[in-house]
Amino acid sequence: MELQIGIDEFSRALYRAQGIVEKKSTMPILASVLLEATNADGQGRLRVSAFDLEIGVTGTHPAEVMKAGSVALKHKELYDIIRALPEKTAVLRREANNRVRITSGTAEFNIVGQPAEDYPPFPRAEKVSLVPVDPGQLLEMIEKTQFAISADETRHNLNGVYFETAQGNIRMVATDGHRLALIERPAPGNFNLKKGVIVPRKGLLELKRLLEEDHEGPCELGFTETSGVFQRGDVQMVMRLIDGIFPDYMQVIPKEADRTLTVDRPRLLDTLRRMSILSSDRTTNAVKFELGKDTLKVTSQNPDLGDAKEEIPVTYAGTALQIGFNARYLMDVLTVVDSAQMDVELCDELSPGVLKPTGQAAGVASRYTAVIMPMRI
């Protein structure tokens, strides 16, 4: 194998692989990327693939291929080398025993590789029907739900985002048992899903990385019963879905609220950041809401440090109420929403709070709802 490729192009390919290559796997080769150089119809291409047996990303890149061939190379060292090279192009030449010589200008590296045959085969996704999706919309849906994914490995069915189609919409839901985030947008096509699927957190974050790389290019997304597939140009990502049953999340969302307050979102976010400084438990970030007519008092206390309080104006005409929340859970929601104002729906001090962007009509295709369980204070 011998080829010449642009540094920027090669770096982009290796960046995509960064989150997938396994650094602590029992299979050392999973810390490598597979390089495959081809020269069909005079078109030189280098395919770069990373696969951890659960998630794989592969992409082809233009290159001047003098001799076709393939090899697996340790990702971290290769990425560090490519980013440090002095010129705009690099030449890769596989030599005896899968050693690879990399040259750029006067710099030369000789690194140990492994046979391409030892690399696990990349999963094929031939049976999936792909639906064109808006990359900006898909990225928004990920950002507004990912924070609510459970980190508890014993609850594997909550370690991802639930994706389903309903009444001509696509819906993504995440919950960790203490909070829930739901977003719904018009479906761009028919995903042919008999039931919802659970997209794993790691796969979701790698998908987010690809979407952030290019907000404009046409993208496609599709699912089989066991896999999710994302395609954009010459880049393809395949991930194994979580095998489990997602809970009936609609039971968690209160149907009607006794009390609704409307608050300036940036103002509440800033207040919560200040109040959480003195929260007594850094893991729960407990704050107390005291609601009165057109006012919301937010307080926090720490027996070792003191207490803090701040009052902010709100639109509220209901009865008085005191309720506790995890400030971080509230801030996670307020940070990802871009609405100027938020509606906070409450029933009593033991019922969950519901946050929605103000002016969001009930039953519309584009909606966002966050549910946060209260805390005893």
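Before reading further, recall that the structure is shown in the block above.
Here's the deal with the nonpolar core
Core analysis: the biggest nonpolar cluster contains 104 residues, and F10, L35, L78, I102, F163, L272 and F289 have the highest contact counts within it. With 6 residues, helix α6 (residues 327–336) is the single largest residue contributor to this core. Each residue touching L35, except ones within four places of it in the same chain, is listed here: M1, F10, L46, R47, V48, G69, S70, V71, L73, L78 and L92. Membership of the second largest hydrophobic core comes to 12 residues, among which are Y162, L180, Y249 and I253.

Some thoughts on the sheet that holds strand β22 (residues 321–326)
What the 4 strands build is an open sheet, ordered β21-β20-β19-β22; its pairing is antiparallel. Two strands bound the open sheet, and with one partner strand each, they are β21 (306–313) and β22. For this sheet the average axis-to-axis angle between neighbouring strands, irrespective of direction, equals 20°. With 8 bridges connecting them, strand β20 (residues 295–302) and β21 associate as antiparallel partners. Note that in β21 the partner of T299 across the bridge is K309. Sheet contacts for α6: β19 (286–292) and β22; angle to β22, the most-contacted strand, approximately 80°.

Things to note about the packing of helix α3 (residues 135–143) against helix α4 (residues 201–213)
How two helices pack is summed up by the angle between their axes together with the distance between the axes. Interhelical geometry of α3 versus α4 gives an angle of 140° and a closest axis separation of 10 Å. Accordingly, the angle class assigned to the pair α3 and α4 is oblique. Crossing geometry of α3 relative to α4 is assigned as left-handed. Where α3 abuts α4, its residues P135, L138, L139, I142 and E143 lie against L204, L207, K208, L211 and E212.

Regarding the side chain of S70
Relative to the helices and strands, S70 resides in strand β6 (residues 69–74). The buried category is assigned to S70, whose relative accessible area is 19%. Here S70 is in contact with M1, L35, E36, R94 and A116, once residues within four sequence places are set aside.

Focus: the environment of M27
As for its position among the elements, M27 is in the loop between α1 (7–17) and β2 (32–40). What makes M27 partly exposed here is its relative accessible area of 33%. On a C-alpha basis, the gap between M27 and Y119 in space is 9.9 Å, while along the polypeptide they are 92 residues apart.

Describing the sheet that holds strand β11 (residues 160–166)
With respect to topology, 8 strands assemble into an open sheet ordered β14-β11-β12-β13-β25-β24-β23-β18, the strand pairing being antiparallel. Two strands in the sheet have a free side with no partner beyond their single neighbour: β14 (197–200) and β18 (259–264). Geometrically, the sheet is characterised by an average inter-axis angle of 20° between neighbouring strands, direction not taken into account. Strand direction decides the pairing type here: β11 and β14, joined by 4 bridges, are antiparallel.

Side note on the pattern of salt bridges
Under the counting rule described, the total for this entry stands at 24 salt bridges. Salt-bridge contacts for D80 lead to K76; the nearest nitrogen and oxygen are separated by 2.9 Å. Of this pair, D80 and K76 both sit in helix α2 (residues 75–84), 4 residues apart, which is roughly one turn of the helix. Assessed through its relative accessible area of 32%, D80 is described here as partly exposed. With relative accessibility at 55%, the residue K76 sits in the exposed group. With a closest N to O distance of 3.3 Å, E213 and R232 form a salt bridge. Taken together, the positions of E213 in helix α4 and R232 in strand β16 (residues 227–232) put the pair 19 residues apart, joining distant regions of the chain. Overall, the relative accessible area of 28% leaves E213 in the partly exposed class. When salt bridges with common partners are traced through the structure, they connect E164, R171, E184 and R367 into a single cluster.

Here is what the cut-offs are and how they apply
- In every chain, residue numbers begin from 1 and rise along the written sequence.
- Two thresholds apply to this predicted model, a pLDDT of at least 70 for residue-level local features and 80 or more for giving and counting side-chain atom pairs, whereas whole-chain, interface and lining totals are computed over all residues.
- Calculated side-chain values reflect all of the structure's heavy atoms, with hydrogen atoms and water omitted.
- For the purposes of this section, nonpolar cores are sets of buried Ala, Val, Leu, Ile, Met, Phe, Trp, Tyr and Cys residues that join through side-chain atoms within 4.5 Å.
- Exposure is judged per residue with a 1.4 Å probe applied to protein chains only, and the accessible area is read against the type maximum: over 50% gives exposed, under 20% gives buried, and values in between give partly exposed.
- In this description a helix means any DSSP run of H or I spanning at least four residues, a strand means any run of E spanning at least two, and both kinds are numbered starting from the N terminus.
- The criterion used for residue contact is that any of the two residues' heavy atoms lie within 4.5 Å.
- Pairing between two strands requires that DSSP report at least two bridges joining them.
- Note on geometry: axes are C-alpha line fits, over the in-contact stretch for helices, and angles between N-to-C directions span 0 to 180 degrees.
- Here roughly perpendicular refers to angles of 65 to 115 degrees, roughly parallel to angles under 35, roughly antiparallel to angles over 145, and oblique to all remaining angles.
- A crossing counts as left-handed when the near helix is turned anticlockwise from the far one by less than a right angle, and as right-handed when that turn is clockwise.
- Here a salt bridge means any side-chain nitrogen of Lys or Arg lying within 4 Å of a carboxyl oxygen belonging to Asp or Glu.

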